[in-house]
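# Structural overview
So you can see what is in the structure, the chains are spelled out below.
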Amino acid sequence: MPENRSITTALSLIDQDPTKVLGLAVGPHTNVKPGQYIPRADAQTHPTLTFDVPSPSATYMVVGLDIDAPFPSIGVLGPILHWIQPGLKAKDSTLQVTKPFVANYIGPAPPPGSSPHRYIFFLYEQPEGFDGKKYAPPNGQNLSNWYRMRYDLDAWEKEIGLGSVLAVNYFTSN
């Protein structure tokens, strides 16, 4: 599994500063608290995101990961990329999707017998000039599972010039 220092740093961020908790509404579950359990069936469409962004005119990006694949005690395939959505714009405190995805959202799908996995969502300010088409599959196709396994968030941050995580939240599911 890649080291992914960004994951550890982001998770400690919400412990240290409750204002850095990304608002998540997942299926019928609104105002999701960090670590809240959400049944798999309720989380098959991407969450609605809310956050009082520092710059309402800026554009934002969210990255979603399952950090416990395939099992929390055996993370050889993880983290698994579940979503990269650039082009988020603030409307009030809700972040509206304005651009195509880089990696389409996939809902929780831990293997049978697994304990709950953590599905973490990281919010960043999107770098100026970011072109999602450069990184997305052609013609709006879904991203293959092959490219989702052992996802290196640290490398992604470096490659496209992401700054620090602005907000983070996660839910558990199995």
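Keep in mind the model is a prediction, meaning the values are calculated, not measured.

### Points about the overall build of the protein
In terms of regular secondary structure, the protein is built from two helices and eight strands. Listing each helix as α and each strand as β along the protein from the N terminus yields α-β-β-β-β-β-β-β-α-β. Since a compact globule built from 174 residues should have a radius of gyration of about 16 Å, the 15 Å found for the protein is in line with a globular shape. Across the 174 residues in the protein, those meeting the buried criterion constitute 47%. When contacts within the protein are restricted to residue pairs at least 6 apart in sequence, long-range pairs at least 24 apart make up 76% of them. Surface accessibility of the protein: about 8,800 Å² in total, with carbon and sulfur atoms responsible for 53%.

### Regarding helix 1 (residues 5-16)
Helix length check: helix 1 (twelve residues) gives 17 Å between terminal C-alpha atoms against 16 Å at 1.5 Å per residue, within 8%. For helix 1, the set of buried residues is Ser-6, Ile-7, Ala-10, Leu-11 and Ile-14. Within helix 1, the buried residues cover an arc of 130° as seen down the axis, which keeps them to one side. Turned more than 90 degrees from where helix 1 packs its buried face, Arg-5, Thr-8, Thr-9, Asp-15 and Gln-16 sit exposed. Turning to helix 1, the residues buried within the fold contact strand 4 (59-66), strand 7 (117-125), helix 2 (153-160) and strand 8 (167-173).

### As for the nonpolar core
Within the largest apolar cluster, 25 residues are counted, with the highest numbers of intra-cluster contacts made by Leu-65, Ile-84, Phe-122, Leu-153 and Trp-156. Of all elements in the fold, only helix 1, strand 4, strand 5 (80-91), strand 7, helix 2 and strand 8 reach the threshold of two or more residues within this core. Among the elements that line this core, the one with the most residues is helix 1, at four residues. Apart from the residues within four sequence positions on either side, Trp-156 is in contact with Met-61, Val-63, Ile-84, Val-102, Phe-130, Tyr-135, Tyr-151 and Leu-162. Residues Leu-49, Tyr-60, Tyr-119 and Leu-166 belong to the second largest nonpolar core, which totals 22 residues.

### Digging into a nonpolar patch on the surface
A surface patch of nonpolar side chains, amounting to about 640 Å² of accessible area, comprises Ile-74, Val-76, Leu-77, Trp-146, Tyr-147 and Met-149. Tracing the sequence through the fold places Met-149 in the loop between strand 7 and helix 2.

Cut-offs used in this document
- Residues numbered from 1 in each chain as written.
- Predicted model: local features only at pLDDT ≥ 70, side-chain atom pairs only at ≥ 80, totals over all residues.
- Heavy atoms only, no water.
- Helix = DSSP H or I, 4+ residues; strand = E, 2+ residues; numbered from the N terminus.
- Rg over C-alpha atoms; globule rule 2.2 N^0.38 Å.
- Buried < 20%, exposed > 50% of the residue type's maximum accessible area, 1.4 Å probe, protein only.
- Contact = heavy atoms within 4.5 Å.
- Areas by Shrake-Rupley, 256 points an atom, 1.4 Å probe, with all protein chains shown as cover.
- Expected span 1.5 Å × (residues − 1).
- Arc of directions from axis to C-beta.
- Core = buried A, V, L, I, M, F, W, Y, C linked by side-chain atoms within 4.5 Å.
- Patch = residues over 30% accessible without salt bridge, like charges linked within 9 Å, V, L, I, M, F, W, Y side chains within 5 Å.
- Salt bridge = Lys/Arg side-chain N within 4 Å of Asp/Glu carboxyl O.

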